[in-house]
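Single-letter residue listing:
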Amino acid sequence: MNEFYLIGFLIAFYFLRVDGTVRFANYYQNHMVLQRAPQRAVVWGYVEDFNVPIVLTMNRKIYGTRSSSSAIDRTGESIWSVTLDAESEEGPFNIDVHQPLPNGTIVTITLHDVLFGDVWVCSGQSNMAFAVRNMFNGSIEIENADKYPKIRLFTASRQQSSTPEEELLAIALPWSIASADSVGSPYTSAVCWLYGRMVQVELDGRPIGLVHTSWGGTAVELWSPPQVLKDCGISRNPRVSIDQDNQLDIVLNNTVLYNAMIHPFTRMVIKGALWYQGEANANFNRNKYKCTFSKMIEHWRGIWHERTMSNTDPTFPFGFVQLSTREATGNVIGGFPWIRWHQTFDVGYVPNDVVPNVFMATAMDLRDDKGGIHPRNKLDVGYRLSRSGLAIAYNLTNIPYQGPIIVDFSIIPHTHQIQVMYSDKVSKGVQLRNTNGFEICCIAEDICKSNETVWVAAPASEIKGSPLSISLDIPSSCISKRLFGYRYLWRETPCAYKEAAVYNAEDQEVPAPPYIHFF
């Protein structure tokens, strides 16, 4: 719609700013961030009548549309939607939406202080929900929050639904400018905030919108569209016992959190998603996690792409935190190592060829015995995740973001040692911080795969003059025997704090991820 048409449109009616039938979707609010160019942001909402003409104005541009011809969800209202031109200016802007009424007036509603930047959705279970105020040095983050006014925060309320919802059933934290109050809110995720803050610094202050939608104790199946469950052959529901508002033993069925806490956002164009989940699957559908996690990513991407009229990248960047730790002895193997492995789609690292455009933060060396399953050191998690995001989502170069990756494992001739070679594409060298963490198995292939206790330690040492290699001592019980497998950091809590064996020599804050291989 051109400017002359809008002038005639407004002259034809008496201009009146009042509450009327037109409204924005409930998570479109003042102070929000919309996705910047080259993507085209979508603005949408509701109107009581059907096939209603709607005019949107922003930044000297005029857009016209009509609402749907029938009701789309339980509200009984029709939906209007406008796809904006790609916006490279960050704003702030006001967005005005006009609706003519039969009595000759025009109702106008406005979004104020809207920025254009990158929108990230942060989801998962309790380690994503873990608040800034509860992390180590959280008070420093809260005190400095007002230095980042172009970071905007939003948190969905914990809700479930048996059918996909078009808008949120409730909101915990409305769109807010970063401040001591908003960052210090119990609803602001530490990992989400730290990622956004650290990425923004490297992007010269680009606006960042952080949409937090998580629920503690929840399995991946709850966050998955139905097609994921079908693809992975899953029918039974997890039973989640949660204390929410003094209601014990809340039962959450498959897909209900996707329906209520993810699907509403799939009309909004986003840059990418962040995920911290997996603890609830350590003993539930563990062997299905490679399938459920990869298919969840695939279907989230497909649905977002479709519902935003192809304006969200069909392979949008997806970052996750590999499971951290839980128990304090360091002796328990349990399900955590397998979930960490399945989080990489059984490759051991990301990005890889199984699911494109995925990045991660390794966290199994950040144990916090008092914190247990909720380690309080989220600063390192945010740092590692932001390095990966900057490299993968933003294509920044010269950022060491991965731990060393094993490319070869062979017995050194005429010795009782094994040489482990690491990729020169990831790091120029490895730092061997201690000798522990490697194990080998020499019993029999089927036993190695089924019995966690037959593996034996193989102490590591440096190889002088070979910055990308280390050696392992073959234990006496395996000398002259065939090796059937090797693994690294295969424990629920595999090492002391920041004392994994292998780190990237270029950035010694980035550890090598857990690994397992069978010959």
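For the structure, check the block above.
Nothing here was measured: the structure is a model prediction, and the numbers come from that model. (Residues numbered from 1 in each chain as written. Predicted model: local features only at pLDDT ≥ 70, side-chain atom pairs only at ≥ 80, totals over all residues. Heavy atoms only, no water.)

Draft legend 1. View of the sheet that holds strand β17 (residues 417–422). Taken in spatial order, the four strands make up an open sheet running β16-β17-β22-β21, and their pairing is antiparallel. Every interior strand has two partners, whereas the edge strands, β16 (406–411) and β21 (460–462), have only one. Strand-to-strand, the axes of this sheet are offset by a mean angle of 30°, without reference to chain direction. For β17 and strand β22 (residues 469–473), the ladder comprises five bridges, and the chain directions are antiparallel. Among the inter-strand pairings, Gln417 is bridged to a residue of β22, identified as Asp473. (Pairing = 2+ DSSP bridges. Helix = DSSP H or I, 4+ residues; strand = E, 2+ residues; numbered from the N terminus. Axes fitted to C-alpha atoms, helices over the stretch in contact; angles between N-to-C directions.)

Draft legend 2. Just the side chain of Ser224, in detail. Inspection of the secondary structure puts Ser224 in the loop between β12 (208–214) and α6 (226–232). When near neighbours in sequence (up to four residues on either side) are disregarded, Ser224 contacts Leu229, Thr255, Tyr258 and Met296. (Contact = heavy atoms within 4.5 Å.)

Draft legend 3. Expanded view of unusual backbone geometry. The peptide bond linking Ala37 to Pro38 adopts the cis configuration, its omega dihedral lying at 15°. Mapped onto the fold, Pro38 is located in the loop between β3 (33–35) and β4 (42–47). The step from Gly91 to Pro92 runs through a cis peptide bond, and the omega angle for that step is 15°. Within the fold, Pro92 resides in the loop between β7 (78–83) and β8 (93–100). A positive phi angle, close to 65°, is found at Arg60, a residue other than glycine. Along the polypeptide, Arg60 turns up in the loop between β5 (53–58) and β6 (61–66). According to the relative accessible area criterion, Arg60 is exposed, its value standing at 73%. Here the phi dihedral of Lys498 falls at roughly 55°; this positive angle occurs in a residue that is not glycine. For Lys498, the position within the fold is in the loop between β23 (485–488) and β24 (502–504). (Buried < 20%, exposed > 50% of the residue type's maximum accessible area, 1.4 Å probe, protein only.)

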